[in-house]
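In case you want the letters, here they are:
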Amino acid sequence: MHILLLNEYYPPDSSATAKMARTVVEALAERHRVTVLAGRPSYDPTEHYAWRLLRRETVGNVTVERVGSTDFPRFRMKRRIANYLTFSFLAFFRAIFIRCDAILAMTDPPFCGIIGALVATLTGRPFVYNIRDMYPDMAVGGSIVRPGLLARLWERLHRWALRRAACVIVLGDDMRDRIVRKGIDPARIVVARDGIEIPREVPAADNPVAREIRGDARFVALHAGNLGFYGAWDTLLAAASMLGSPAYSIIFVGEGAEKPRLVSIGGGLASVRFLPFRPASEIPFVLSAADVHIVTVKRGLEGVIVPSKLYPILAAGRPVLAVCTPESDVARIVSRAGCGLVADPDDPAAVASAIRELASDRERIADMGRRASAIAPEYDRVTQLHKFILAIEEAVLHA
């Protein structure tokens, strides 16, 4: 088959969707021909491309075409939207003239699925929709877009794209449930998580990176990752103020849109520390630094975002404090495996109590870590990727 993949970001872009797109393309290319339709690199790229209306490169079974979209840095929203719009306009007209057997759309830009569905409708091709983040739910829930006419129109178009898809591939059961509530046939929805490559060995907890992160804390609850709009950050900071002692530390390693605000609120708390991102090569050592890892999704965003950071934590054999509702995918996995605790994202006292409870029972912490290691192979990246590719192939064959 010849599959056309639509996604604005593709390496040398460094976004998570760019990396996942390349992983999917490499797997598909083992049996099929793939054309990637992307924009000029703009998401923290390792290199920049001079403007051309269309740039094409073919290696083996993979052709990467880049339309001449703007390439403003992603940090200013208005300019980022310019990247979205110029890519969408140019990619739409280019996609119509690419002969292929199926169209696969991801969610960069956030309305990429609508573009993919429209191209598929106009050309009579099967359409597969891979939802990485659920829009417009995420934009409204993160207060990026206000509820109103624009949000309602976006939602109506998104539901049309979902109905048009021969297959919808999602990241978790909570995302699947949310799409079913939008009126989509459950039989057309496939859960294929990002997964993790299971490491051959896990670094010992006593290493220089871990010691630097932990400092003098006796017990560390660590959030490592993006501090975006999806987390119950205020609840975590309120819980930290209840802990009161630097012996119990909530440590944030990472950057994100919410970090300046959080630093201004919690920077003076004895039990809170904010640290910058570490290089990718140090991630295994960062994972080893925590007594328990925090994974958080604020109420109302269950199934809108599915944190893939859970899987490396499990593979590292570390317990999880899921600060999210019981309906979220993270809470379901943690509760089923017994590899951590679940705390209400609106209840700081529950979060503080969970941290104290874990800190007081080292044997229980060790048992939760063993349970995390035991369940990690279920989320092996190769297995999840096989489900992803099989879903595409079956959707095209039966369309």
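Residues numbered from 1 in each chain as written. Predicted model: local features only at pLDDT ≥ 70, side-chain atom pairs only at ≥ 80, totals over all residues. Heavy atoms only, no water.

When helices and strands are counted, the protein chain shows 15 helices and 14 strands. On C-alpha atoms alone, the protein chain measures out to a radius of gyration of 21 Å, which is about the 21 Å that the 2.2 N^0.38 rule sets for 399 residues. Taken over the C-alpha atoms alone, the protein chain extends approximately 65 × 40 × 40 Å along its principal axes. Out of the 399 residues in the protein chain, the part that is buried amounts to 56%. Pairs at least 24 apart in sequence give 70% of the contacts found in the protein chain among residues at least 6 apart. (Helix = DSSP H or I, 4+ residues; strand = E, 2+ residues; numbered from the N terminus. Rg over C-alpha atoms; globule rule 2.2 N^0.38 Å. Buried < 20%, exposed > 50% of the residue type's maximum accessible area, 1.4 Å probe, protein only. Contact = heavy atoms within 4.5 Å.)

Turning our eyes to something else, we now look at unusual backbone geometry. Following Asp 108, the chain continues to Pro 109 via a peptide bond in cis, the omega torsion being 0°. Mapped onto the elements, Pro 109 comes out in the loop between β5 (102-105) and α3 (112-123). Phi is positive for Asp 44, close to 45°, though the residue is something other than glycine. Looking at where Asp 44 falls in the secondary structure, it is placed in the loop between β2 (33-38) and β3 (54-59).

We now examine the sheet that holds strand β13 (residues 320-323). Whenever strands of a sheet pair, they do so through backbone hydrogen bonds, lying parallel or antiparallel. Taken in spatial order, the 6 strands line up as β11-β10-β9-β12-β13-β14 in an open sheet, and their pairing is parallel. Sheet topology places β11 (272-275) and β14 (340-343) at the edges, where each strand pairs with a single neighbour. Each neighbouring strand pair of the sheet contributes to a mean axis angle of 25°, computed without reference to strand direction. Inspection of the sheet shows β13 paired to β14 by 4 bridges, in the parallel sense. If you follow Val 320 over to β14, its bridge partner there is Gly 340. Lying over the sheet, helix α12 (residues 329-337) contacts β12 (292-296), β13 and β14, oriented at roughly 140° with respect to β14. (Pairing = 2+ DSSP bridges. Axes fitted to C-alpha atoms, helices over the stretch in contact; angles between N-to-C directions.)

Another aspect to go through is the nonpolar core. Ile 131, Ile 179, Phe 252, Leu 314, Leu 321 and Ile 355 are the most contacted members of the largest nonpolar core, which totals 97 residues. What Leu 314 contacts, discounting residues up to four positions off in sequence, is Val 320, Ile 333, Cys 339, Ala 372, Ser 373, Ile 375, Ala 376 and Tyr 379. With 29 residues, the next largest nonpolar core counts Cys 167, Ile 169, Ala 192 and Ala 395 among its residues. (Core = buried A, V, L, I, M, F, W, Y, C linked by side-chain atoms within 4.5 Å.)

The analysis is restricted to geometry; functional conclusions fall outside its scope.
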